[in-house]
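# Structural overview for review
What follows is the residue order along each chain.
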Amino acid sequence: MEALKDYRNFPGINESWELIKTGLVVIREQSYRLELWHSYSNPDIPYYVSVYVQADGVWKKMQDPIFPIGLDADQTMREAMAFLSERLAA
């Protein structure tokens, strides 16, 4: 989205993020939603993944997530999946 790339043209906007992809993984019958975000305002860390857990039909941010960050979108999503797999499936 070009408008998000041009965020500096709008007074008062300091950051610009775009939701690139959402994904769902299930570990031991528990659903986890992963959101891959791209930052236009931080070229040093352009991608991060937020993790949500479903409880009682409501999505909530996972407590104590690591929020994987990286330079490559696919690799950052893979790191989030590895984190969940190692932490929860073991």
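Look up a bit, the structure's there.
Residues numbered from 1 in each chain as written. Predicted model: local features only at pLDDT ≥ 70, side-chain atom pairs only at ≥ 80, totals over all residues. Heavy atoms only, no water.

### Structural notes on unusual backbone geometry
Although it is not a glycine, Arg 28 sits at a positive phi angle of roughly 50°. As for its position among the elements, Arg 28 is in the loop between strand S1 (17-27) and strand S2 (30-39). At Asp 56, a position not held by glycine, the phi torsion is positive, near 55°. (Helix = DSSP H or I, 4+ residues; strand = E, 2+ residues; numbered from the N terminus.)

### Let's talk about the nonpolar core
Tyr 32, Leu 34, Leu 36, Val 49, Val 51, Met 62 and Leu 84 are the most contacted members of the largest nonpolar core, which has 13 residues in total. Broken down by secondary-structure element, the contributors of at least two residues to this core are S2, strand S3 (47-55) and helix H2 (73-88). It is H2 that contributes the most residues to this core, five residues altogether. Contact partners of Tyr 32, with chain neighbours within four places excluded, come to Gly 23, Leu 24, Val 25, Ile 27, Val 51, Tyr 52, Val 53, Trp 59, Met 62, Leu 84 and Leu 88. (Core = buried A, V, L, I, M, F, W, Y, C linked by side-chain atoms within 4.5 Å. Buried < 20%, exposed > 50% of the residue type's maximum accessible area, 1.4 Å probe, protein only. Contact = heavy atoms within 4.5 Å.)

### Description of the environment of Tyr 48
As for its placement among the helices and strands, Tyr 48 is situated in strand S3. Note on Tyr 48: relative accessible area 21%, which makes it partly exposed. Each C-alpha atom of the pair Tyr 48 and Asp 72 lies 9.4 Å from the other, and the pair is 24 residues apart in sequence. Beyond its immediate sequence surroundings of up to four residues, Tyr 48 is in contact with Trp 17, Glu 35, Leu 36, Trp 37, Phe 67, Pro 68, Ile 69 and Thr 76.

### Quick look at the pattern of salt bridges
By the definition in use, this model includes three salt bridges. Put simply, Lys 5 and Glu 2 hold a salt bridge, and the shortest N to O gap is 3.5 Å. In this pair, Lys 5 and Glu 2 are both assigned in helix H1 (residues 2-5), three residues apart and thus about one turn of the helix distant. The class for Lys 5 is partly exposed, based on a relative accessible area of 42%. (Salt bridge = Lys/Arg side-chain N within 4 Å of Asp/Glu carboxyl O.)

### Observations regarding the packing of aromatic side chains
Using the criterion set out here, one finds one aromatic pair in the structure. On the basis of an interplanar angle of 85° and a centroid distance of 5.1 Å, the ring pair of Trp 17 and Tyr 48 is categorised as edge-to-face. Separated by 31 residues along the polypeptide, Trp 17 in strand S1 and Tyr 48 in strand S3 bring together distant segments of the chain. The residue whose ring lies beneath Arg 33 is Tyr 52, and the NZ or CZ to ring-centre distance is 4.4 Å. (Phe/Tyr/Trp six-rings, centres within 6.5 Å; stacked < 30°, edge-to-face > 60°. Lys NZ or Arg CZ within 6 Å of the ring centre and 35° of its normal.)

### A closer look at the side chain of His 38
With respect to the helices, strands and loops of the structure, His 38 is situated in strand S2. Sequence-distant contacts of His 38, that is, excluding residues within four places in its chain, are made with Ser 16, Trp 17, Glu 18, Ile 20, Pro 46 and Tyr 47.

None of the figures reported here should be taken as evidence of function without further support.
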